[in-house]
Each structure stands twice: as structure tokens, then as C-alpha cells.
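Chain by chain, the residues:
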Amino acid sequence: MKTDSFICIVCAEAFNPDDDEEDSEPRVVHPKTDDQRCRLQEACKDILLFKALDQEQFSEVLDAMFEVLVQPQDHVIDQGDDGDNFYVIERGVYDIVVQKDGVGCCVGQYNNKGSFGELALMYNTPRAATIIAKEEGALWGLDRATFRRLVVKNNAKKRRMYECFIESVPLLKSLEISERMKIVDVLGVKSFQDGERIIMQGDKADCFYVVESGEVKIMMKSKTKADRQDNAEVEIARCSRGQYFGELALVTNKPRAASAYAIGDIKCLVIDIQAFERLLGPCKEIMKRNIAHYEEQLVALFGSSVDLRD
Ligand SMILES: Nc1ncnc2c1ncn2[C@@H]1O[C@@H]2COP(=O)(O)O[C@H]2[C@H]1O
């Protein structure tokens, strides 16, 4: 995979979570039934921002969360407001609307999973978007003080851990330091065992990966032989530390063009699609240049290239 460098403009605010004043806040507990706890745990299991928490911190976060039921057209968040809560989606579809030149523009949608509302709490900024429920739904809220005390503080540790690595990733090298830190703030870390499939050809894409340690094998089945029994996967590329994969589907809005497997036990940094759009969106044009390179590779391997473009 290519490792082009690029410049990406993201608004930055000086912020030092270590200076946070909210350390003495009392612990918040919202009692829950077993059923609620079960549903909450399921909704939170893939939330990247919680991945850096240890078990005790995660349990404290779960204790503090409270259920929010929404109706169609409810505004969960209004752009410009102060940030009160962070939200994890249990179910429902939510539009992300951003005001541009006085006109509300729908820039994305959450579909029954994910989270939102972290920006205002992390950077002490007004809400950057309006979030509108499209149907009846259920969310789990986490109050600002608990979010800052546990998630934001923990992120400061993550920043220290990943600062050097992020700086060494060619794709991210040319970002300003504050921009790189915003990437660190949203990334999750996932481990995979030898042979484990990380992404699957044909699947819908919801995140992008940077290899932190180990190697990843990119494999593809020929589309022209789709119905044939002998349509075995062919290795088309390998990615090692600092290289990225899984960006193509996010750039083209198409299903995954290939599968990726761990070679040995590996670790990847993961950025979900909303953060990708927000932080790396302006860089999509540069990533699109990879497509020509991928197509050349496919012609060399299969004699023809599949339709990689949007
Ligand atoms: N393109 C986007 N721009 C701004 N906010 C976004 C975008 N996509 C998703 N969001 C989410 O919308 C939330 C609105 O409240 P926050 O600014 O606290 O945090 C924001 C993000 O979690």
C-alpha cells in the first residue's frame, strides 16, 4: 500500500488534559437493570474511544452511563451549543448536519452503531454538528465530567504512547503536531492473531487501519471468475509497520475491494469512518492517487483490473 504524505487542515485548540480541573468530581452512578447493562455493554464493545481504558475505568464509565430514548426528528445535539454529554448508539439512524454558509448540509449518517459528541468535550469547543434522529432510537449518554476524567485523561497517556509512532507514519508526517494529536485522540488499537481476517472483500467498510507491529497480507479474489470454484484468493500486497490499508473503500464509498489477514500476531491502529471523514477527508484526493497504482497491480496479476473507482 502507498504511503504518500499530505497536508490536511484541521482546526486545533491548545489543550492539556493533564491540567484538567475535574479530578475531584464525585463518581457518577446510574443504576441499571441486568438487561440494560447487557445492552449497554454490547453497544460499547467496539467504541474506539473506550479501547484505551483499563477494566476498572471501563466499568466506571458503564456505571455512569444513562439511557436516552429518542423520537424521530429529535435533535440530540445542536451545532454551536456547549457540550454536555458524549453518546453511544444502541439503535437508530441519526443524520449529521453541519451548517455551511448558513445552510444545513447532511454530511453523514450513523446507522445503528457508533458514537458522537466527543469533540466539544475533548477540546472545549462548541458542538461542531447537529445530530438528528431519523427514527425512534436509543442512546447511552455519558456526562461531560466523567468523560473528561476518564476518557480524555486516558487519551493523554495514549498521546504520549503514540506521538512518536504517528510522527513516523509517512501518511501522517506532514500534519501539524496538533492535527496528529487529533488523530491519536480518535484512534483505537486492535490486536489480531496469526491468520485472522481483518477485513473481508465485499464487506461494507467502516474503518481504516495503520499497521503498528507485524505484517498484513492483502488478498483478492478475481471478480471476473466470481462464480468459479477455482477462484482462489491471490496475494496482491503486504503492509508493514507504518503502512495503511482499508482506505480505498472509504475513499470510493464502495465495498472492500480485497481481504486483509494478519501474518503472525499483529497490532493495528484503527480510525472509524466518521473520524476518517472529519480528519482525513481533505486528504482523500491524495489517497485517490493510489487507485491508479492499485489498478496497475491488478492488471499485472489478473490481466485486467476490477472497477475500483467510485
Ligand atoms: N463532519 C463532522 N463534523 C463535525 N462533527 C461531526 C462530523 N461527523 C460526525 N460528527 C460528530 O458530531 C458531533 C457533534 O458534537 P461534537 O462537536 O461534540 O462532536 C461531533 C462529532 O462526534
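Residues numbered from 1 in each chain as written. Predicted model: local features only at pLDDT ≥ 70, side-chain atom pairs only at ≥ 80, totals over all residues. Heavy atoms only, no water.

- By the naming in an unreviewed UniProt entry, the protein is cAMP-dependent protein kinase type II-alpha regulatory subunit, taken from Sinocyclocheilus rhinocerous.
- Under the UniProt heading Sequence similarities (unreviewed entry), the note attached to the protein is "Belongs to the cAMP-dependent kinase regulatory chain family."
- Annotation of the protein in UniProt includes, under Function (unreviewed entry), the sentence "Regulatory subunit of the cAMP-dependent protein kinases involved in cAMP signaling in cells. Type II regulatory chains mediate membrane association by binding to anchoring proteins, including the MAP2 kinase." (UniProt positions renumbered as here; feature names shortened; annotations may be inferred.)

**Topic: the domain arrangement of the protein**
- According to the domain assignment, the protein contains domain 1 (34–150) and domain 2 (170–302).
- Computed over C-alpha atoms only, the centres of domain 1 and domain 2 are separated by 26 Å.
- Buried area between domain 1 and domain 2, summed over both chains or domains, comes out near 950 Å², and the portion from carbon and sulfur atoms is 57%.
- The tally of links between domain 1 and domain 2 comes to 4 residue pairs in polar contact (both at pLDDT 80 or more).
- Listed by contribution, the elements that provide at least two residues to the side of domain 1 that touches domain 2 are β5 (103–111) and α3 (119–123).
- The element that contributes the greatest number of residues to the side of domain 1 that touches domain 2 is α3, accounting for 3 residues.
- Classifying every residue of the side of domain 1 that touches domain 2 gives 7 nonpolar, 1 polar and 3 charged. (Domains from an automatic or database assignment. Buried area = accessible area lost by both parts, 1.4 Å probe. Polar contact = N/O pair within 3.5 Å; in protein donor to acceptor, adjacent residues only side chain to side chain. Helix = DSSP H or I, 4+ residues; strand = E, 2+ residues; numbered from the N terminus. Nonpolar A, V, L, I, M, F, W, Y, C, P; charged D, E, K, R; others polar.)

**What about the site of the ligand?**
- Lining the immediate surroundings of the ligand are 14 residues, of which Gly117, Glu118, Ala120, Arg127 and Ala128 lie closest.
- At a separation of 2.7 Å, an oxygen atom of the ligand approaches a polar backbone atom of alanine 128.
- Looking at the shell around the ligand, the elements that each hand over two or more residues are β5 and α3. (Near = heavy atom within 4 Å.)

**A closer look at the packing of aromatic side chains**
- A full pass over the atoms with the stated rule returns 10 aromatic pairs.
- Each ring, one from tyrosine 94 and one from phenylalanine 116, has its centre 6.0 Å from the other, and the planes form 50°; the classification is tilted. Of this pair, tyrosine 94 sits in strand β4 (residues 93–100) while phenylalanine 116 sits in strand β6 (residues 115–116), and the two are 22 residues apart along the sequence.
- Taking the centre distance of 5.3 Å and the plane angle of 35° together, the rings of tyrosine 110 and phenylalanine 116 count as tilted.
- Grouping aromatic residues by their ring pairs yields a cluster made of Phe50, Phe58, Phe86 and Phe147. (Phe/Tyr/Trp six-rings, centres within 6.5 Å; stacked < 30°, edge-to-face > 60°.)

**A look at the sheet that holds strand β1 (residues 66–70)**
- Read from one edge to the other, the open sheet built from 4 strands follows the order β1-β8-β3-β6, with strand pairing classed as antiparallel. The sheet is open, and its two borders are formed by β1 and β6, each paired with just one other strand.
- Packed onto the sheet, helix α1 (residues 34–44) meets β1, β3 (85–91) and β8 (137–143) and runs at close to 100° relative to β3.
- Strand contacts of helix α4 (residues 144–168): β3 and β8, with the helix running at about 65° to β8, the strand carrying the most contacts. (Pairing = 2+ DSSP bridges. Contact = heavy atoms within 4.5 Å. Axes fitted to C-alpha atoms, helices over the stretch in contact; angles between N-to-C directions.)

**Re the pattern of salt bridges**
- One pass over the structure, following the stated rule, counts 17 salt bridges.
- Ionic pairing is found between aspartate 206 and lysine 113, a salt bridge with its closest N-O pair at 2.7 Å. Highlighted residues: aspartate 206 in the loop between β10 (197–199) and β11 (207–220) and lysine 113 in the loop between β5 and β6, separated in sequence by 93 residues.
- We note a salt bridge from glutamate 235 to arginine 238, for which the minimum N-O separation is 2.7 Å.
- Sharing partners across several salt bridges, the network here consists of Asp35, Arg39, Glu67 and Glu90. (Salt bridge = Lys/Arg side-chain N within 4 Å of Asp/Glu carboxyl O.)

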